[in-house]
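Notes for the structure review
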Amino acid sequence: SRVRGEFEAWWQGEDGADERVTMTTTTMNDTAPFTWQLPDTVPDETVVSWRVRAVNDAGASAWSSEGAGAPCEFVYDRTRPDAPVVTSSDYPDDDTWTPGVGVRGTFRFTAQAEDIVAFAYEFMGEPPRTADVRPDGSAEIRFVPRKSGRQILSVQAQDRAGNRSARTDYSFLIGEGPAPVARWTLADAAGSRTAAAENGT
């Protein structure tokens, strides 16, 4: 059977009256997915209801909202969230040279909005990653520097509508790392079963 999908969406306008938009798709097989790209007139931060029914030359089915059904609802969110706050007591953003290479550090991301579901982050020279948000609106990650110098951590907050915030760039300085506690020269006598270590300098 070949049918068309007839969509209808409505919401309450600023004057309190319902505003409605409709769209009918092209004819396709009844097993095909039917989609509708809503117009730009759909307002932000407003509950929008919608329903759909199948239509052919013989007539139309019941609306999906009729009988045991109900209208589907959503809120259209176009607003980018505020950029997150990034902090670290191990690697502060204050031009202080930190212990550095090989020393694990913890970074904390704090959301500035209530609907944040993830943080997208990336260290310079590293692949992008995401961190899930905890109930208090924060996330913590750990990072082990592999080379000295200035490092930049870029973080964006992502809300449940998929909008991403502006980027927070967190810059910190990585030192050469602590001196080794010991070293092995591998100059032991031939056939030795042990390797002599020297204290670090």
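What comes next concerns the included structure.

Conventions we followed
- Residues numbered from 1 in each chain as written.
- Predicted model: local features only at pLDDT ≥ 70, side-chain atom pairs only at ≥ 80, totals over all residues.
- Heavy atoms only, no water.
- Core = buried A, V, L, I, M, F, W, Y, C linked by side-chain atoms within 4.5 Å.
- Buried < 20%, exposed > 50% of the residue type's maximum accessible area, 1.4 Å probe, protein only.
- Helix = DSSP H or I, 4+ residues; strand = E, 2+ residues; numbered from the N terminus.
- Contact = heavy atoms within 4.5 Å.
- Pairing = 2+ DSSP bridges.
- Axes fitted to C-alpha atoms, helices over the stretch in contact; angles between N-to-C directions.
- Patch = residues over 30% accessible without salt bridge, like charges linked within 9 Å, V, L, I, M, F, W, Y side chains within 5 Å.
- Areas by Shrake-Rupley, 256 points an atom, 1.4 Å probe, with all protein chains shown as cover.
- Salt bridge = Lys/Arg side-chain N within 4 Å of Asp/Glu carboxyl O.
- Lys, Arg positive; Asp, Glu negative; His and termini not counted.
- Charge placed at Lys NZ, Arg CZ, Asp CG, Glu CD.
- Polar contact = N/O pair within 3.5 Å; in protein donor to acceptor, adjacent residues only side chain to side chain.

Turning next to the nonpolar core. Ranked by internal contacts, the top residues of the largest apolar core, which has 19 residues, are F107, F109, F119, Y121, F123, L153 and F172. For this core, the secondary structure elements donating two or more residues are β9 (105-110), β10 (116-123), β12 (138-143), β13 (149-159) and β14 (168-174). The element contributing the most residues to this core is β10, with four residues. With sequence-adjacent residues up to four places away left out, L153 is seen in contact with V86, F107, F109, Y121, E122, F123, T168, D169, Y170 and F172. One finds F7, W36, V42 and V48 within the second-largest nonpolar core, a separate group that totals seven residues.

Here we take up the sheet that holds β12. Spatially, β7-β9-β12 is the arrangement adopted by the three strands of the open sheet, whose pairing is antiparallel. Looking along the sheet, the strands with just one partner apiece sit at the ends: β7 (85-87) and β12. This sheet shows a mean twist of 20 degrees between the axes of neighbouring strands, independent of strand direction. Two elements, β7 and β9, share three bridges in a ladder whose sense is antiparallel. Bridge pairing links T87 to R108 in β9.

Next up on the list: the sheet that holds strand β11 (residues 129-132). Within a sheet, each strand pairs with its neighbour through backbone hydrogen bonds, oriented either parallel or antiparallel. The strand order β8-β14-β13-β10-β11 describes an open sheet built from five strands, whose pairing is mixed. Two strands lie at the open edges of the sheet, namely β8 (97-98) and β11, each paired on one side alone. Here β10 runs beside β13; their pairing, made up of seven bridges, is antiparallel. For Y121, the partnering residue across the bridge sits in β13 and is V155.

All right, on to a negative patch on the surface then. Where like charges cluster on the molecular surface, the negative patch consists of E14, D15, D18 and E19. Position of D15 relative to the elements: it lies in the loop between β1 (2-12) and β2 (18-24). Overall, the relative accessible area of 66% leaves D15 in the exposed class.

Among the structural elements, D90 can be located in the loop between β7 and β8. A sequence separation of 77 residues divides D90 from R167, and the C-alpha atoms of the two residues are 21 Å apart. When residues no more than four places from it in sequence are discounted, the contact partners of D90 are T98, G105 and T106. In terms of polar contacts, D90 uses its side chain to reach the backbone amide nitrogen of T106, at 2.8 Å.

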